[in-house]
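Per-entry structural report
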Amino acid sequence: MALAESFAAHPNRAEAPLSPARSFGARPDYPGEAMDELRTWVDEIAALTQPDRVHWVDGSKAEHDAIVDQMVDEGRLIKLNPELRPGSYLARSHPSDVARTEGRTFIASEREIDAGPTNNWADPAEMREKMTGLFAGSMRGRTMYVLPFSMGAVGGPLSKIGVQVTDSAYALISIEVMTRVGDAVLREIAEGQPWVRTVHSVGAPLAPGQEDEAWPCNDDKYIVHYPESLEVWSYGSGYGGNAILAKKCFALRIASVIGRDEGWLAEHMLLIRVIDPNEKVYHLAAAFPSACGKTNLAMLRPTIPGWRVETMGDDIAWIRPGEDGRLWAINPEAGFFGVAPGTGESTNVTAVETLWGNTVFTNVALTPEGDVWWEGLTDEAPAHLTDWQGNDWTPEADHPAAHPNSRFTVSAAQCPQIAPDWEDAVPLDAILFGGRRATNVPLVVEATDWTHGVFIGSNISSERTAAAEGTVGELRRDPFAMLPFCGYNMADYFGHWLRVGAGLRFDRAPRIFQVNWFRRGSDGRFLWPGFGDNSRVIDWIVRRLQGEVGARVSPIGRLPHLEDLNLDGIEVPQEDLEELFHVDPSTWAQEADLTEAFYDTFDGRVPTALTSELSALRTRLASSAS
Ligand code: GTP
Ligand code: SPV
Ligand code: MN
C-alpha cells in the first residue's frame, strides 16, 4: 500500500487490552523485555520521589469515575449541577499557577547552539542534578499515577506513544481527555514501540498528617526537556501545558526535534476540513499564537451559505510528507484544552455546544445554580457569581469573574461538527499563519511560493495574550506561533521547513497564506467582524486554490481584488476594507528592520534563502515607495 493510502486508511480504534482488566491501579504483569524496562523505570522514579502509592492507570471509565469522586471528596473539584452541566466539574488553581511559565521552561540539549537564542538553555548534566534534588521525595504523601498515552490513534502510522508519571490527579483526568490513555498503549510498549518518558510532580510533598491544599504546587518551577534522550521533567506547576506533558512538552517541543531528525513537522496548528458549495473538500492547517483564535477557526460556522467546516484539531498538527508528494497531517490530541473567555453564542457557538457536559472547567466563575460563566459567554454578566478564586463577585467588581486564561477540557469527539474521520491523516491544501496585529498586517495575503511562505512564517509577530506569563498586549515575535514550543534552534527549524518544502511535488505543496483578524482602525475598533465571517477569507483562499480568482501583487505578497471578497450580508465600510489591506511601505520597512534584528540574533544561522527574501522584500518596498 502506498504511504499516502496507509495514512488515510489506518485502523484508528484502540484494540482490546493485553489481558482482562487488572485490579484497581495494579501494576500490569504483562511479560516482555520492553515491559520490564517500563517497570524498572517506574520503580526508579518511585524510589526517587517516594510516593505513598503507585497507581497504574488502565484508562477505564470505572477507574476514572472513582478518581473523580475522590477529587470531589477532597475538595479538588467542584461538581457542577448535573441538570445544567452533566458530568462536569470546576477546578480552581492556585492564583500563582494559572498559565504556562515560559521563563521557567528549559531545553537541556548537549550543545547550547541546539537550543538557540529563543529558548532557555540549560546544561543537561547540571540540570539533571538540580532536578534529581528537586524530585527527591517530592511525591511523599501522594499517589504517583502511571499513564501510558498515545498521541494520535493507538497504532496509527503517524502516532507516537509515551508514559507520564504524575502526582497530580488533575493532570491525570486532563490527560485522559487530551490523549488516548490506557492498556491499549501498554500493548504498543510491550510490542517494542519506542516511547517517550515524561515525569511530573507538583512539588508539594506532604509530611505525615499534613493537610493538603486543593491545588498543590510550588513557587519554584522547572519545565525541562532533554531532546537527546527524549525526556520531559516538569516540577512545581499543575497547570495546562506545564502539567499535561503530552501536549506542548512532548507533542511540540520533543516532537519537533524528532520531526527534524525524521523529516516531518510538529506544529502549533489547528486542522480543519472545508467543504465548498459544490461539495469539494479542502484541508487547511493554521498556526496562530496562544489565545489568538485557533479554537475559533477550528470550529468555524461559516456565515456564507453553502460552506461547511469540519473540525479536526484545534492546537497541534503533526505533518508528514507522503509518497504522493503532498503533506499529510493528523491532530495528535484527543481533546480540546480551550480558552474560555470570549467563547459565546456569537463568537464560537460550536464550542458552546461542545461544552454541554462531560467537561472540566478550570478557573472560570461559578453561578449560584451550580453552572459556569466567563466573560463573553453571555452579553450580560449574571448579577451574582463566585469568581475563579472562590470569592463573591458582582458585575461592579474591578476584576473579571473568570481568569483570562481560564480553560475548558473536553473530548474532541463531543464537538458537534467534528469530522467523522478526525483521527485519520488528511492531505493539506493550504497553511495559514496569523497573529494579533493591530496594524500593518492585512486581513489576508498569499505567499508567492513556499520559500516566501516560510519567510512569512518566520516573521509572525503577535500581541501577547494571557496564555503565558508576561505583559498582555505587548508585541512580540512568535515565528510559526512556535516561539515557546520549538525544541531546537529556531534558525535550524526555518531550514527544516525549507527542506520539507523542497521535497514536495511543486504542484502539490500546500499554498501558504498570512491572515490577521485583529487589525484596528485609528479609533481602536476591530476593522473586521471576525469569527464566523472569517469564512469569507477562507472562501477567497479556496477560490485561489481552485484558480478561480486572481490576486494583485504587493511588496509583501498577493492581495485579493476587493471585489473578489464575498461580503454579502455584512456591512464593512469601503474605507475599512481599504484599511484592512493597506500596505504602508514605510511601516513595512520598519518591519523589515525588525526582521533583520531578529535574524541577527541567530549569528548567521538563518538560511540564506530567508535573508534573500528579506533583501527582496526591501527592494520591492523601496520601489513601491518611490
Ligand atoms: P491556545 O489554546 O492558547 O493555543 O489558543 P487558541 O489560538 O486556540 O485561542 P482561541 O481560539 O481560544 O482564541 C482566544 C481568543 O481569541 C478568544 O477570546 C476569542 O474570542 C478571540 N478570537 C478568536 N477569533 C477571533 C476573531 O476572528 N476576531 C476577534 N476579534 N477575536 C477573535
Ligand atoms: C497554549 O498556551 O498555546 C495552549 C495552552 O494551548 S497550554 O496547553 O497550557 O500550553
Ligand atoms: Mn496552544
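Here, the structure is the one placed above.
So, here's what we can say about the structure. Predicted, not measured: the structure shown is a model, and the values here were computed from it. (Residues numbered from 1 in each chain as written. Chains lettered and ligands numbered in written order. Predicted model: local features only at pLDDT ≥ 70, side-chain atom pairs only at ≥ 80, totals over all residues. Heavy atoms only, no water.)

**Description of the site of ligand 1**
For clarity, the threshold we go by: A single heavy atom is enough: if one lies within 4 Å of a molecule or strand, its residue is considered near that molecule or strand. Whenever two N or O atoms come within 3.5 Å, that pair is a polar contact, provided that in protein one can donate a hydrogen and the other can accept it, and provided that, for residues adjacent in sequence, both atoms are side-chain atoms. Only DSSP runs of H or I reaching four residues or more are called helices, and only runs of E reaching two or more are called strands; each is numbered from the N terminus. All amino acids are sorted into three groups, where Ala, Val, Leu, Ile, Met, Phe, Trp, Tyr, Cys and Pro are nonpolar, Asp, Glu, Lys and Arg are charged, and the leftover types, Gly among them, are polar. Note: domain ranges come from an automatic or database domain assignment.
Around ligand 1 lies a shell of 22 residues, among which Ala291, Lys294, Thr295, Arg407 and Phe531 are the nearest. The contact in question runs from an oxygen atom of ligand 1 to an N or O atom on the backbone of Ala291, over 2.6 Å. One of the backbone N or O atoms of Gly342 is found 3.3 Å from an oxygen atom in ligand 1. Contributing elements (two or more residues each) for the shell around ligand 1: helix H9 (294–298) and strand E18 (335–339). The element best represented in the shell around ligand 1 is H9, accounting for 3 residues. Each residue belonging to the shell around ligand 1 can be placed in one class, and the counts come to 10 nonpolar, 8 polar and 4 charged. Built from parts of two domains, the shell around ligand 1 gets at least three residues from each of domain 2 (266–334 + 421–625) and domain 3 (336–414).

**Examining the site of ligand 2**
Selection criterion: For every accessible area listed, the method is Shrake-Rupley and the probe measures 1.4 Å; residues are considered covered only by the protein chains on display.
As a matter of local geometry, ligand 2 sits amid Arg100, Gly240, Gly241, Lys247, Lys248, His268, Ser290, Asp315, Phe337, Arg407, Ala467 and Phe485. Between Gly241 and ligand 2, the recorded distance is 2.8 Å, taken from a backbone N or O atom to an oxygen atom. Expressed as a share of its isolated accessible area of 280 Å², the protein-covered part of ligand 2 is 98%. Elements that contribute at least two residues to the shell around ligand 2 include exactly helix H7 (240–243) and helix H8 (246–262). Taken together, the residues that form the shell around ligand 2 break down as 3 nonpolar, 4 polar and 5 charged. Inspection of the shell around ligand 2 shows a minimum of three residues originating in each of domain 1 (3–76 + 97–263) and domain 2 (266–334 + 421–625).

**Focus: the coordination of the manganese ion (ligand 3)**
For the record, the criterion: Atoms are scored as donors when they are N, O or S and lie within 2.8 Å of the metal, with 3.2 Å used for Na, K and Ca; no water is included, so coordination may look incomplete. Site shape is set this way: if four donors have all angles between 85 and 135 degrees, tetrahedral; if opposite donors are over 155 degrees apart and all others between 65 and 115, square planar for four donors and octahedral for six; otherwise irregular. Only protein chains enter the accessibility calculation, which uses a 1.4 Å probe; a residue whose area is less than 20% of its type maximum is buried, one above 50% is exposed, and one in between is partly exposed.
Within the protein, the atoms that donate to the manganese ion (ligand 3) are Lys248 (NZ), His268 (NE2) and Asp315 (OD), at distances of 2.1 to 2.2 Å. Around the manganese ion (ligand 3) sit 6 donor atoms; with metal-centred angles ranging over 75 to 173°, the donor geometry is octahedral. If you list the donors of the manganese ion (ligand 3) from N- to C-terminus, the spacing comes out as K-x19-H-x46-D. One end of the pair, His268, is in the loop between strand E12 (265–267) and strand E13 (269–275); the other, Asp315, is in the loop between strand E15 (308–313) and strand E16 (317–321), with 47 residues separating them in the sequence. Each member of the pair, His268 as well as Asp315, is classed as buried.

**Considering the packing of aromatic side chains**
Rules: Here a Phe, Tyr or Trp ring, Trp counted by its six-membered ring, pairs with any other such ring whose centre lies within 6.5 Å, and the pair is stacked when the planes are under 30 degrees apart, edge-to-face when over 60, and tilted otherwise. In this scheme, Lys NZ or Arg CZ marks a charge over a ring once it lies within 6 Å of the ring centre and within 35 degrees of the ring normal.
Applying the stated rule across the entire model yields 27 aromatic pairs. One aromatic cluster in this structure is built from Phe433, Trp450, Phe480, Tyr488, Tyr493, Phe494, Trp497, Phe598, Tyr599 and Phe602. Looking at Arg128, its charged tip hangs above the ring of Tyr226, at a distance of 4.0 Å from the centre. A cation over a ring is seen here: Arg197 above Trp195, with NZ or CZ 3.8 Å from the ring centre.

**Let's talk about the pattern of salt bridges**
Oppositely charged side chains are able to pair whenever their charged atoms sit close together. Stated precisely, the cut-off is as follows: By definition, a salt bridge exists where a carboxyl oxygen of Asp or Glu is found within 4 Å of a side-chain nitrogen of Lys or Arg.
Inspection of every chain in the model, using the stated rule, returns 39 salt bridges. Asp43 is the salt-bridge partner of Arg27, the closest N and O atoms lying 2.9 Å from each other. Linking Arg27 in the loop between helix H1 (3–9) and helix H2 (33–49) with Asp43 in helix H2, this pair joins segments that are 16 residues apart in sequence. Residue classification places Arg27 among the partly exposed residues on the basis of a relative accessible area of 40%. Of the residues examined, Asp43 reaches a relative accessible area of 39% and is grouped as partly exposed. In this structure, the salt-bridge partner of Asp315 is Lys294, at a minimum N-O distance of 3.8 Å. Taken as a pair, Asp315 in the loop between E15 and E16 and Lys294 in helix H9 lie far apart in primary sequence, 21 residues in all. We classify Lys294 as buried; its relative accessible area is 5%. Each of Lys247, Lys248, Lys294, Asp315 and Glu333 takes part in one network of salt bridges that share partners.

Just geometry here; none of it tells us what the structure is for.
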